[in-house]
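# Observations on the model geometry
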Amino acid sequence: MKKILVYGELNSKDNTIEKVTFELLNKARRLSSEAKELKQDEEYIVEVVFCASYLVDDEINKAFKAGANRVVLIKDSVFDTFYSTVYADAFLEYFDKNPSDIILFPATPKGRLIAPRVTVQLDTGLVADCIEAEFVLKNDKLLFAPTRPTFGSELMATILSKKAPYCATIRKGVFKTDFSNAKTGEFVEYTPISYHEDRIKLIKTILNKDKNDVDFTNAKVVLCGGYGLYSNKSDEYYKKLKKLAKITDSFFGVTRKVVDFNLAEQKYQIGQTGSTVQAKLYVAFGVSGAIQHIQGMKNSKTIVAINTDENADIFKYSDYKIVADAKKVIDDLLIYFDIKI
Amino acid sequence: MNIIVCIKQVPDVDDIKWTKENNLDRNNMLSKINPYDEYALNAAIKIKSRFKEAKVTVISMGPKQAQDVLNFALAKGANRAILLSDKAFAGSDTLATSKILAAAIKKYCPDFSLILTGQMAVDGDTQQVPLSLAQLLEIPEITNITEICNADKNVAIVSVKTDLKIDIYEINTPCLLALKTECEENYIPKIDDYIRAQNIPIEEYDINDIGINKEDVGVIGSPTMVYRAFRPEIHKDTKEIKEDITKKILDFLLKVDNK
Ligand SMILES: Cc1cc2nc3c(=O)[nH]c(=O)nc-3n(C[C@H](O)[C@H](O)[C@H](O)COP(=O)(O)OP(=O)(O)OC[C@H]3O[C@@H](n4cnc5c(N)ncnc54)[C@H](O)[C@@H]3O)c2cc1C
Ligand SMILES: Nc1ncnc2c1ncn2[C@@H]1O[C@H](COP(=O)(O)O)[C@@H](O)[C@H]1O
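The rules behind these values
- Counting of residues starts from 1 at the beginning of each chain's written sequence and follows it residue by residue.
- Chains carry letters and ligands carry numbers; both start at the beginning, A for chains and 1 for ligands, and go up in the order they are written.
- In keeping with the predicted nature of the model, local features appear solely for residues at pLDDT of at least 70, side-chain atom pairs appear and are counted solely at 80 or more, and the whole-chain, interface and lining totals rest on all residues.
- Heavy atoms throughout the structure, all of them, feed into the side-chain values; hydrogens and water do not.
- Here a residue counts as near a molecule or strand whenever at least one of its heavy atoms sits within 4 Å of it.
- Residues adjacent in sequence count toward polar contacts only when both atoms are side-chain atoms; beyond that, a polar contact is any pair of N or O atoms within 3.5 Å, and within protein one must be able to donate a hydrogen and the other to accept it.
- What counts as a helix is a DSSP run of H or I of at least four residues, what counts as a strand is a run of E of at least two, and both are numbered from the N terminus.
- When residues are grouped by polarity, Ala, Val, Leu, Ile, Met, Phe, Trp, Tyr, Cys and Pro land in nonpolar, Asp, Glu, Lys and Arg in charged, and all others, Gly among them, in polar.
- Take the buried Ala, Val, Leu, Ile, Met, Phe, Trp, Tyr and Cys residues and link them wherever side-chain atoms come within 4.5 Å; each set so joined is a nonpolar core.
- Three labels apply to residues, based on accessible area from a 1.4 Å probe with only protein chains included: buried if under 20% of the type maximum, exposed if over 50%, partly exposed otherwise in between.
- Within this scheme a cavity is a closed region of a 1 Å grid, computed over the protein atoms alone, that accommodates a 1.4 Å probe without allowing it to escape, whereas a pocket is open but has protein on both sides within 12 Å along at least five of seven lines; lining residues each have an atom within 4 Å of a point.
- Grid points are joined across faces, edges and corners, and a volume is the space filled by probe spheres set on the points.
- Per-residue and other accessible areas follow the Shrake-Rupley method at a 1.4 Å probe size, with only the shown protein chains counted as cover for residues.
- The rule for pairing is simple: two strands pair if DSSP sees at least two bridges between them.
- Whether two residues touch is decided by their heavy atoms; if any such pair falls within 4.5 Å, the residues are in contact.
- Once two parts are brought into contact, the accessible area they lose, counted with a 1.4 Å probe and summed over both, makes up the buried area.
- Any carboxyl oxygen of Asp or Glu that lies within 4 Å of a side-chain nitrogen of Lys or Arg is treated as forming a salt bridge with it.
- Axis definition: a line fitted to C-alpha atoms, over the contacting stretch in the case of helices. Angles run 0 to 180 degrees between N-to-C directions.
- Between 30 and 60 degrees the pair is tilted, below 30 it is stacked and above 60 it is edge-to-face, where a pair is any two Phe, Tyr or Trp rings, Trp via its six-membered ring, whose centres lie within 6.5 Å.

This part covers the site of ligand 2. Residues and elements named next belong to chain B. Taken together, 19 residues surround ligand 2, and among them Cys6, Asp37, Met61, Gln127 and Val129 come closest. Here an oxygen atom of ligand 2 sits 3.0 Å away from a polar atom, N or O, in the main chain of glycine 118. The contact in question runs from an oxygen atom of ligand 2 to an N or O atom on the side chain of threonine 126, over 2.9 Å. For the shell around ligand 2, the leading source of residues is strand β4 (residues 55-61), giving 3 residues. For the shell around ligand 2, a count of residues per class yields 9 nonpolar, 8 polar and 2 charged.

Leu114, Leu116, Ile148 and Leu177 of chain B are the most contacted members of the largest nonpolar core, which totals 72 residues. Membership of the second largest hydrophobic core comes to 55 residues, among which are Leu223, Cys224, Ile270 and Ala279 of chain A.

Summed over all chains, the structure comprises 3 cavities of 30 Å³ or more. The calculated volume of the largest cavity comes to roughly 70 Å³. In this structure, the largest cavity is lined by 11 residues; those nearest its centre are Ala43, Lys46, Ile47, Arg50 and Ile148 of chain B. Looking at the lining of the largest cavity, the elements with two or more residues in it are α1 (35-50) and β8 (147-151) of chain B. For the lining of the largest cavity, the leading source of residues is β8 of chain B, giving 5 residues. Tallied by class, residues from the lining of the largest cavity come to 7 nonpolar, 1 polar and 3 charged. When its volume is computed, the second largest cavity comes out at roughly 40 Å³. Lining the second largest cavity are Pro116, Thr119, Val120, Thr124 and Leu126 of chain A together with Thr94, Leu95, Gln128 and Ser132 of chain B. Elements supplying a minimum of two residues to the lining of the second largest cavity: α4 (109-122) of chain A together with α3 (94-108) of chain B. The biggest single contributor to the lining of the second largest cavity is α4 of chain A, with 3 residues.

Let's shift gears to the site of ligand 1. All names here are of chain A. Contacts to ligand 1 come from 27 residues, most closely from Tyr227, Thr255, Lys257, Thr273 and Ser288. Between ligand 1 and isoleucine 270, the relevant distance is 2.8 Å, taken from a nitrogen atom to a main-chain nitrogen or oxygen of the residue. Between ligand 1 and alanine 326 there is a distance of 2.9 Å, counted from a nitrogen atom to a backbone nitrogen or oxygen. For ligand 1, whose accessible area on its own is 990 Å², the fraction buried by protein is 81%. Secondary structure elements with two or more residues in the shell around ligand 1: α6 (256-260), α7 (291-294), β15 (302-307) and α8 (326-340). Tallied by class, residues from the shell around ligand 1 come to 8 nonpolar, 14 polar and 5 charged.

With that settled, the discussion passes to the pairing of β15 of chain A. Residue and element names in this part refer to chain A. In terms of residue burial, β15 counts as a mostly covered element, since 6 of its 6 residues are buried. On β15, burial covers both faces: Thr302, Val304 and Ile306 on one face and Ile303, Ala305 and Asn307 on the other are all buried. Sheet analysis places strand β14 (residues 281-285) next to β15, joined by 5 bridges and oriented parallel. Following the sheet pairing, tyrosine 282 is matched in β15 by isoleucine 303.

The partner chain B presents 69 residues to the 77 residues of chain A that form the contact. Its largest share of buried area at the contact with chain B, chain A owes to Arg117, Phe151 and Lys162 of chain A, together 11% of the area lost on that side. Applying the counting criterion to the chain A and chain B interface returns 5 salt bridges. Its salt-bridge partner being glutamate 170 of chain B, residue lysine 201 of chain A comes within 3.5 Å of it at the nearest N-O pair. If you look at where chain A meets chain B, you find 29 residue pairs in polar contact (both at pLDDT 80 or more). Top element by residues in the side of chain A that touches chain B is strand β11 (residues 200-207) of chain A. It accounts for 8 residues. Its residues assigned to classes, the side of chain A that touches chain B shows 35 nonpolar, 18 polar and 24 charged.

Another point: the sheet that holds strand β4 (residues 102-106) of chain A. Pairing between sheet strands relies on hydrogen bonds along the backbone, with the strands arranged either parallel or antiparallel. Residues and elements named next belong to chain A. Pairing in this open sheet of 7 strands is parallel, and the strands run β5-β9-β4-β1-β2-β3-β10 from one edge to the other. Looking along the sheet, the strands with just one partner apiece sit at the ends: β5 (127-130) and β10 (186-190). With direction set aside, neighbouring strand axes in the sheet form an average angle of 25°. Relative to strand β9 (residues 166-170), β4 runs parallel, the two sharing 5 bridges. Residue pairing in the sheet places proline 106 in a bridge with isoleucine 170 of β9. Along the sheet, helix α1 (residues 19-38) makes contact with β1 (2-7), β2 (44-52), β4 and β9, crossing β2 at roughly 160°.

For the rest of this paragraph, the subject is the pattern of salt bridges. Under the counting rule described, the total for this entry stands at 36 salt bridges over all chains. Residue glutamate 134 of chain A pairs with arginine 228 of chain B through a salt bridge whose shortest N-O separation is 2.7 Å. One end of the pair, glutamate 134 of chain A, is in strand β6 (residues 132-138); the other, arginine 228 of chain B, is in strand β13 (residues 224-230), on a second chain. Put simply, arginine 199 of chain A and glutamate 197 of chain A hold a salt bridge, and the shortest N to O gap is 2.8 Å. You can call arginine 199 of chain A partly exposed: its relative accessible area is 30%.

All names here are of chain A. For the structure shown, the criterion picks out 18 aromatic pairs over all chains. With a centroid separation of 5.9 Å and 25° between ring planes, the pair formed by phenylalanine 91 and phenylalanine 95 is classed as stacked. With a gap of 4 residues between them, phenylalanine 91 and phenylalanine 95 both fall in helix α3 (residues 84-97), about one helical turn apart. Under the relative-accessibility criterion, phenylalanine 95 is labelled buried at 4%. Aromatic pair phenylalanine 216 and phenylalanine 251: ring centres 5.6 Å apart, planes at 40°, arrangement tilted. One end of the pair, phenylalanine 216, is in the loop between β11 and β12 (221-225); the other, phenylalanine 251, is in strand β13 (residues 251-254), and 35 residues separate them in sequence. In textbook terms, an aromatic cluster arises when at least three aromatic residues are bridged by ring pairs, as seen for Tyr7, Phe91, Phe95 and Phe105.

Once that is clear, we can look at the sheet that holds strand β8 (residues 155-161) of chain A. Reading across the sheet, the 4 strands line up as β6(A)-β7(A)-β8(A)-β13(B) and stay open at both edges, with antiparallel pairing between neighbours. In this open sheet, the two edge strands, each paired with only one partner strand, are β6 of chain A together with β13 of chain B. Each strand axis lies, on average, 35° off the axis of its neighbour in the sheet, ignoring direction. As paired strands, β8 of chain A and β13 of chain B are joined by 6 bridges and run antiparallel to one another. Looking at β13 of chain B, one finds that isoleucine 159 of chain A is bridged to valine 226 of chain B. Most of the contacts of α1 of chain A go to β6 of chain A, to which it runs at about 15°, and overall it touches β6 and β7 (141-150) of chain A.

Structural measurements only, silent on function.
See below:
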């Protein structure tokens, strides 16, 4: 039987499984049913591999529920500190003995470091930062076909590889999670030769205390301010929108242009070079709808856009179009809440 | 101390032109140095200004035109420029590109202490070349660097700043450092600098010079290939809201859980 391997990522603080791993597992599971539909005799099992010093049962079970048939822990305390070389070498050692046909890595900071080190040593291709993956049937052969944005997302490219294993890094937030897999499978522990990295030392970490991390992973509602909210050379309306987000239990987001003009911090940026969101409701205030921005929000369920330009591109991607002054709308909404509070 | 900076010539993404067939019209686009590579170059020049014996070599794999970015780098203060150009290199993906760069570095500047690269190339945006190169040369790397605080022949001290924290690393040379942010010193070359740069010939090497196999480069040596390229299309059934705007938005906001 063939195999899709998901490179699993853990939270470095408590070794809980990162959401992106579940997203990739669900995708891997869907790919495996897709393969069977296209070609009856083609069957893939889904394996997830973690490099860590431990993994608790609860987490292992979640991995099964999310779609894994096999959960592997490459176990060593060296993994408590992250070094791309150490992780990649241990992973390869395991992989040599337990090969698979496809490897999906998360396109997270760590995944991006490990994946090329692994694929270079396997002398195979790596498709970066994919937002879709499917199988295509060509000359009666099933080919793994991931799709990635290029040229600042102006163009989508579906890329095939000539050689197995077929490898891709997949962006986080583009696939859904699903914990409905009823079957549990095999759990395997693997002890690698201990690899060390003594060429790099973390000498100091300075916490940026006043800045909280913005994690859009679970954002239900996002209120996004574009450059259209800029007025009188001030960030007044970004502050107002942030306040509105707070009152309505929503997330505040911005476009890159807003960040570039120092009107909001980069951590709030949504899009290709910022965060990807999958909100239930996404409201764009004065956003033009550049493709790089759209990349980061188009999978939201309901998209509402407010823009003074009735031909703004953002409307093409919206469920609801509102041609209006977004600043006035924000003021009106704030008035409503002030009265209510 | 030898510092290598990998620079790529990229089309200006703010100036993208399309052909009638919806392909990129590369002939009519402006090209420039990949912005992240300029950050790397600036960082190298800054180290050079502190250490008299430091030498900066810029290296680029690409068509002959890439001479432009190499000349620019020389004008900015690089000591040596290498262009890796051959018809056989066309169509190289990240693996093939990294193999070409690695082979050339091993042959023409094996005694490097640092390799500086950009965090990403804005045309492809794969972020894979730096790591692949580090792997092929078997050296460690640090990426997403916001500042090279200090560097000498033996160690480099770099910082990686995010919204959350600043990590400061010490890394032994030889190593690869990928730059994400601009350092403050950005020297814009003047006419005199370009004239001075003209005295430094760009070294050009092809596939035979480098001594790399045809099977490892270009389209043949690239394990990945584009199957189809398309511009994203959208078919949304957009409804326009013209009245009671505030009330309708409030409805959306307050009833989001029922959707
Ligand atoms: C490699 C690359 C990566 C990028 N990554 C990202 C990314 O991750 N995220 C991102 O957002 N961008 C990204 N960009 C930038 C992107 O191309 C756009 O420049 C940016 O998204 C534009 O931001 P904007 O819509 O806020 O501003 P603008 O394009 O200036 O649009 C402002 C809009 O506001 C409208 N407006 C003006 N006044 C009002 C008013 N009073 N009320 C309502 N509407 C009003 C205008 O009609 C206009 O449509 C990237 C670009 C590149 C090249
Ligand atoms: N053809 C090339 N020539 C020289 N350096 C390159 C080339 N391609 C990529 N690089 C380097 O690798 C970095 C990342 O590129 P990429 O992996 O394509 O996103 C760039 O910022 C350059 O420093």
